[in-house]
Amino acid sequence: MLYAGVLPVLDMYESIDRLQKPVIASVNGYAVGGGNVLQMVCDITISADTAMFRQVGPMVGSFDAGYGTWYLEDLVGKKRAKEIWYRNPKISPQEALEMGLINKVVPAGDLRSATQTMALEIADRGSVALAAIKSAFNARHGGVSGLSRMAHDVLLRSYLETDEHNELATSFADRRKPDASRFGH
């Protein structure tokens, strides 16, 4: 449901999760509150050495009991995630890197080129494999929906191209018993 004046933040997080390509966050300033959750939802985060990370919800009368808690716990562990949410400390890029909140810290002047270099490196990988890996990571958070998405994508990308699928579909259409020797039995 959309409310006037409210951004569709959950839709954005879900879109990043569902996008079959890796998403890289490039943080050049403050990643606070929803901005920090946004970088957590991205697959990889590269930060300028001048950035800062923080969760402020309880300080300002807000909270994120969904993506912001689940993803933070996955990244830094339960005890540290609780401390971040309860105390709301400012976290330097180096601290964020050491605790697993982000992937890489670079000098501020190198942020754009470092992000582009990583993106191009990833782009050289197999897109089907990357999409399947991303689906596998997201299946855990997506419950039956995430697992179904992963299975659906694997089905469409690979199984429908196999000899097994072709023989089973053809034998069904021909109203005959499938020849299992055609697919490895």
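Q: Would you mind showing me how to read the side chain of Ser47 here?
A: Turning to its location among the elements, Ser47 is positioned in strand β3 (residues 44–48). In this structure Ser47 comes out as buried when scored by relative accessible area, which is 0%. Beyond its immediate sequence surroundings of up to four residues, Ser47 is in contact with Val27, Phe53, Pro93, Ile102, Lys104, Val105, Val106 and Leu111.

Q: What am I meant to see in the pattern of salt bridges here?
A: In a structure, side chains of opposite charge can pair up when their charged atoms sit close to one another. Counted by the stated rule, this structure contains eight salt bridges. A salt bridge links Arg87 to Glu83, with the nearest nitrogen and oxygen atoms 2.7 Å apart. Placement of the pair is Arg87 and Glu83 together in helix α4 (residues 78–87), with a separation of four residues, close to one helical turn. Exposure remark for Arg87: the relative accessible area of 55% places this residue in the exposed category. Residues Arg176 and Asp174 are paired through a salt bridge, measuring 3.7 Å at the closest nitrogen-oxygen approach.

Q: Explanation requested: the sheet that holds strand β5 (residues 104–106) in the structure shown.
A: The strands making up a sheet associate through backbone hydrogen bonding, with each pair oriented either parallel or antiparallel. Overall, parallel pairing links the three strands, which are arranged β1-β3-β5 in an open sheet. For this open sheet the edge positions go to β1 (24–27) and β5, each flanked by a neighbour on one side alone. Here the strands of the sheet are splayed against their neighbours by 20° on average, with no regard to which way each runs. Strand contacts of helix α6 (residues 111–123): β1, β3 and β5, with the helix running at about 160° to β3, the strand carrying the most contacts.

Q: Before we go on, may I ask you to explain the pairing of β3 in this structure?
A: The side chains of a regular strand alternate, residue by residue, between the two faces of the sheet. In terms of burial, β3 is largely enclosed, as five of its five residues are buried. Of the two faces of β3, the one holding Ile44, Ile46 and Ala48 and the one holding Thr45 and Ser47 are both buried throughout. Pairing of β3 with β5, which is carried by three bridges, proceeds in the parallel orientation. For Ala48, the partnering residue across the bridge sits in β5 and is Val106.

Q: What is the right way to read the environment of Gln39 from this model?
A: Within the element layout of this structure, Gln39 appears in helix α2 (residues 34–41). Here the alpha-carbon distance between Gln39 and Phe53, two residues 14 residues apart in the chain, equals 9.6 Å. Among residues more than four places away in sequence, those in contact with Gln39 are Ala25, Val27, Ala31, Thr45, Phe53, Leu101 and Ile102.

About the cut-offs
- Residues numbered from 1 in each chain as written.
- Predicted model: local features only at pLDDT ≥ 70, side-chain atom pairs only at ≥ 80, totals over all residues.
- Heavy atoms only, no water.
- Helix = DSSP H or I, 4+ residues; strand = E, 2+ residues; numbered from the N terminus.
- Buried < 20%, exposed > 50% of the residue type's maximum accessible area, 1.4 Å probe, protein only.
- Contact = heavy atoms within 4.5 Å.
- Salt bridge = Lys/Arg side-chain N within 4 Å of Asp/Glu carboxyl O.
- Pairing = 2+ DSSP bridges.
- Axes fitted to C-alpha atoms, helices over the stretch in contact; angles between N-to-C directions.

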